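Breakdown of the fold
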Amino acid sequence: MKIFLDTADVEKIRALAATGLVDGITTNPTLIMKAGREHKSAIVEICKIVKGPVSVEGIGTTADELVKDAREFSKLAPNVVAKVPMTAEGLKAVRILEKEGIHTNVTLVFSAGQALMVAKAGASYCSPFVGRLDDISEDGMALVAEIVQIYAQYGFKTQVLVASVRHPEHVIEAAKLGAHIATVPPDVFEKLFKHPLTDKGIRQFDEDYRKALESLKGRK
Ligand code: G3P
């Protein structure tokens, strides 16, 4: 399973990519705004740090506008993936861009019907937003299960990219369901390493190692 970081914070990306476990990046206009960076220069820098796919969202509503923006962004680095919204115009743009060899990630997917259309359009990635569904008392992971089943049934090549992840349990559920990718905020990435019993065990081993050394010294 691949894990992407869902952020445009260049310093965080640099620090966490050093683990060697960051397979890609997803950004959106909100994340770029939060990072307080000029869009294009931030993307160029991110693409140098992470060699995997880096999703970049343009603006526009018509297929023509979306294609124009995606072509511009794709010139910034070879690993740029064009993020397009889940609309009929967005999927028209997907068909054009994928034919040109520009990979696409369809964002803001909230139903299995939408996900089916994304795969039929030939997108490289489909991004169901699980946290936002949970927020309105729907079941985000149930949607992921439906999409994984439908894609497997027909052998669609589109990868399921679980987005709007809020906690490690979302990642674990996504992995159990066989989703290809989860894109996670930096704090969730960091939490995936953690368990209080690991910390307790490390402290205990450390203490016992020191005690053993002390008692050996005492015997000399
Ligand atoms: O990848 C999509 C993500 O950025 C949306 O997350 O937490 O704003 O729903 P959130």
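Residues numbered from 1 in each chain as written. Predicted model: local features only at pLDDT ≥ 70, side-chain atom pairs only at ≥ 80, totals over all residues. Heavy atoms only, no water.

Some details on the overall build of the protein
Our working rule: Only DSSP runs of H or I covering at least 4 residues are called helices, and only runs of E covering at least 2 are called strands; the numbering of each starts at the N terminus. To sort residues, take the accessible area from a 1.4 Å probe on protein chains only and compare it with the maximum for the residue type: under 20% means buried, over 50% means exposed, and anything in between is partly exposed. Here a residue-residue contact requires only that any non-hydrogen atoms of the pair lie within 4.5 Å. All accessible-area figures derive from a Shrake-Rupley calculation using a 1.4 Å probe, and residue coverage is judged against the displayed protein chains alone. In this tally, Asp and Glu contribute negative charge and Lys and Arg positive charge; neither His nor the terminal groups of the chain are included. A charged residue contributes its charge at one atom only: NZ of Lys, CZ of Arg, CG of Asp or CD of Glu.
In terms of helices and strands, the protein carries eleven helices and eight strands. Its C-alpha atoms put the protein at 80 × 40 × 30 Å along the principal axes. Put simply, the protein has 220 residues, and 43% of those count as buried. Taking as baseline every contact in the protein between residues at least 6 positions apart, the subset at least 24 positions apart corresponds to 58%. Of the roughly 11800 Å² of accessible surface on the protein, 58% is carried by carbon and sulfur atoms. For the protein, the separation between the mean place of its 29 positive charges and that of its 28 negative charges on side chains is 6 Å.

Section: the packing of aromatic side chains
To be explicit about the condition: Pairing of aromatic rings covers Phe, Tyr and Trp, the last through its six-membered ring, and needs centres within 6.5 Å; plane angles under 30 degrees mean stacked, over 60 mean edge-to-face, and all others mean tilted.
One pass over the structure, following the stated rule, counts four aromatic pairs. Consider the rings of tyrosine 154 and phenylalanine 156, whose centres lie 6.0 Å apart with planes at 40°: the pair is tilted. Tyrosine 154 gets classed as exposed once you look at its relative accessible area, which sits at 59%. When the centroid spacing of 5.5 Å and the interplanar angle of 65° are considered together, the rings of phenylalanine 189 and phenylalanine 193 count as edge-to-face. Connected via pairs of aromatic rings, a cluster forms that spans Tyr151, Tyr154 and Phe156.

Description of the site of the ligand
Heads up, the condition is: The cutoff for a nearby residue is simple: one of its non-hydrogen atoms must lie within 4 Å of the molecule or strand. Distance and chemistry together define a polar contact, namely a pair of N or O atoms within 3.5 Å, with one atom able to donate a hydrogen and the other to accept it when in protein, and with adjacent residues in sequence counting only for side-chain atoms on both sides. Gly is put with the polar residues, along with every residue not named as nonpolar or charged; the nonpolar set is Ala, Val, Leu, Ile, Met, Phe, Trp, Tyr, Cys and Pro, and the charged set is Asp, Glu, Lys and Arg.
In the neighbourhood of the ligand, the contacting residues comprise Asp6, Asn28, Phe129, Arg132, Ala163, Ser164, Arg166 and Thr183. Contact between the ligand and aspartate 6: an oxygen atom at 2.7 Å from a side-chain N or O atom of the residue. Between the ligand and arginine 166 there is a distance of 2.8 Å, counted from an oxygen atom to a side-chain nitrogen or oxygen. Among the residues making up the shell around the ligand, the classes are represented as two nonpolar, three polar and three charged.

Concerning the nonpolar core
Note the following rule: Among buried residues, the Ala, Val, Leu, Ile, Met, Phe, Trp, Tyr and Cys ones that are joined through side-chain atoms within 4.5 Å form a nonpolar core.
Of all hydrophobic cores here, the largest spans 58 residues; its most connected members are Val106, Val118 and Val184. Residue contributions to this core peak at six residues, all from helix 8 (residues 140-154). Ignoring anything within four residues of it in the chain, the contact list for valine 106 reads Val84, Pro85, Met86, Leu91, Val94, Val118, Ala123, Tyr125, Cys126 and Ser127. Within the second largest apolar cluster, five residues are counted, among which are Phe4, Val81, Leu161 and Ile181.

Some words on the packing of helix 4 (residues 63-74) against helix 5 (residues 88-99)
Where we set the bar: Angles shown run from 0 to 180 degrees and are taken between the N-to-C directions of axes, each axis being a line fitted to C-alpha atoms and, for helices, limited to the stretch in contact. What sets the label is the angle itself: under 35 degrees gives roughly parallel, over 145 gives roughly antiparallel, 65 to 115 gives roughly perpendicular, and the rest give oblique. For any helix crossing, the convention is left-handed if the near helix is rotated counterclockwise from the far helix by under a right angle, and right-handed if that rotation is clockwise.
Packing of helix 4 against helix 5 leaves a shortest axis separation of 8 Å and a crossing angle of 45°. Overall, the two elements helix 4 and helix 5 adopt an arrangement that is oblique. Two packed elements cross with a definite hand, and for helix 4 against helix 5 that hand is right-handed. Here Ala63, Leu66, Val67, Ala70 and Arg71 of helix 4 lie close against helix 5, whose contacting residues are Glu89, Gly90, Lys92, Ala93, Ile96 and Leu97. Taken together, the residues that form the contact of helix 4 with helix 5 break down as seven nonpolar, one polar and three charged.

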